[in-house]
Amino acid sequence: NKALHEGKISVPQIAYSASSTSLSGTDSKLFTRTIPNDALKAKILHDLILQENIYFPCIIHGDDSYSNSLAESLIANYVNTNLHRTKTIDDDPIFLKGARNEIKTKLRISKFSTGKTATNSSLDSIFRALGSRSKIDYNQIFTKCSTIILFMQEVDGRHIIDHIIRNNEDGQEIMLWGTETITGIFLEYVESGVDEAKHLYN
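Now for a look at the structure at hand. Keep in mind that what you see is a predicted model, and the values were worked out from it rather than measured.

1. Notes on the overall build of the protein
The helix and strand inventory of the protein stands at nine helices and six strands. Every one of the 202 residues in the protein was classed for burial, and the buried ones make up 40%. In the structure as shown, the protein presents an accessible area of about 11500 Å², 52% of it carried by carbon and sulfur atoms.

2. Thoughts on the packing of aromatic side chains
On inspection of all chains with the given rule, the structure shows one aromatic pair. Arranged with centres 6.5 Å apart and planes meeting at 85 degrees, the rings of Phe 127 and Phe 142 form a pair that is edge-to-face. Of this pair, Phe 127 sits in helix α5 (residues 120–128) while Phe 142 sits in helix α6 (residues 138–144), and the two are 15 residues apart along the sequence.

3. Looking at the pairing of strand β6 (residues 175–178)
One ladder, built from four bridges, connects strand β5 (residues 147–151) with β6; its direction is parallel. Looking across to β6, one finds that Ile 148 is bridged to Leu 176. With helix α7 (residues 154–167) bridging β5 and its parallel neighbour β6, the resulting β-α-β unit is right-handed.

4. What to know about the state of the cysteines
Evaluated as defined, the whole model comprises one disulfide. Disulfide pairing places Cys 58 opposite Cys 145 at an S-S distance of 2.1 Å. One disulfide, between Cys 58 and Cys 145, carries an S-S torsion of -75 degrees and so falls in the left-handed class. Of this pair, Cys 58 sits in strand β3 (residues 58–62) while Cys 145 sits in the loop between α6 and β5, placing them 87 residues apart in sequence. The same class applies to Cys 58 and to Cys 145, which are both buried.

5. Comments concerning the side chain of Asp 156
Mapped onto the elements, Asp 156 comes out in helix α7. No salt bridge is formed by the buried Asp 156; its nearest oppositely charged neighbour, Lys 116, is found at 9.6 Å. Here the side chain of Asp 156 touches Thr 117 through a polar contact of 2.7 Å, side chain to side chain. Beyond its immediate stretch of four places on either side in the chain, Asp 156 contacts Phe 112, Thr 114, Gly 115, Lys 116 and Thr 117.

6. Structural notes on the sheet that holds β5
In space, the four strands of this open sheet follow the order β4-β3-β5-β6, with parallel pairing throughout. Looking at strand neighbours, the two that pair on one side only are β4 (108–112) and β6, the edges of this open sheet. If you compare each strand with its neighbour and ignore which way they point, the axes differ by 20 degrees on average. As paired elements, β3 and β5 share four bridges and run parallel to each other. Counted as the bridge partner of Cys 58 is Ile 148 from β5. Along the sheet, α7 makes contact with β3, β4, β5 and β6, crossing β5 at roughly 160 degrees.

About the thresholds
- Residues numbered from 1 in each chain as written.
- Predicted model: local features only at pLDDT ≥ 70, side-chain atom pairs only at ≥ 80, totals over all residues.
- Heavy atoms only, no water.
- Helix = DSSP H or I, 4+ residues; strand = E, 2+ residues; numbered from the N terminus.
- Buried < 20%, exposed > 50% of the residue type's maximum accessible area, 1.4 Å probe, protein only.
- Areas by Shrake-Rupley, 256 points an atom, 1.4 Å probe, with all protein chains shown as cover.
- Phe/Tyr/Trp six-rings, centres within 6.5 Å; stacked < 30°, edge-to-face > 60°.
- Pairing = 2+ DSSP bridges.
- Right-handed = clockwise from strand over helix to strand, strands pointing away.
- Disulfide = S-S within 2.5 Å.
- Lys, Arg positive; Asp, Glu negative; His and termini not counted.
- Salt bridge = Lys/Arg side-chain N within 4 Å of Asp/Glu carboxyl O.
- Polar contact = N/O pair within 3.5 Å; in protein donor to acceptor, adjacent residues only side chain to side chain.
- Contact = heavy atoms within 4.5 Å.
- Axes fitted to C-alpha atoms, helices over the stretch in contact; angles between N-to-C directions.

Okay, structure coming up:
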């Protein structure tokens, strides 16, 4: 899109999977798409989280533009909603700035290098970043992260979901949220009859 636009090459484009928010700002009249952009996906997830009365969820996301933009949009929506709840009568700007930072720091966020999740050590570090102590204690992590939001590419989603299933030894119920990139992976586990995946599906 950028190359065609900057090169002033008139080629109509209809995208079926280009969900990047950056494409929403294009002034090209030759570009359109059939799916909602990432900002709307994040807003819908945020609204569902509020509906379920979930506070301070855990967010795991890759560092590619797709995963980053989803995480940033969801965090912004989440912080703004909770900021609105904590506003004082006089809307003191110093208080509001402090409140914004406090809300954001209470979110457990783990950002990893996209495509680098093939080893147990990398997967352990992703979960350690969610606030566990030096020794990985998955029972503790799953208690803190009863809700885990996944924004990532398919290959990383496969590794991370598999890691969650293998390490959830106590069979705790874990609520997983994500976009279409992980839906297919997850349903594969359920349809294959993997016992460890059934409680996640529920």
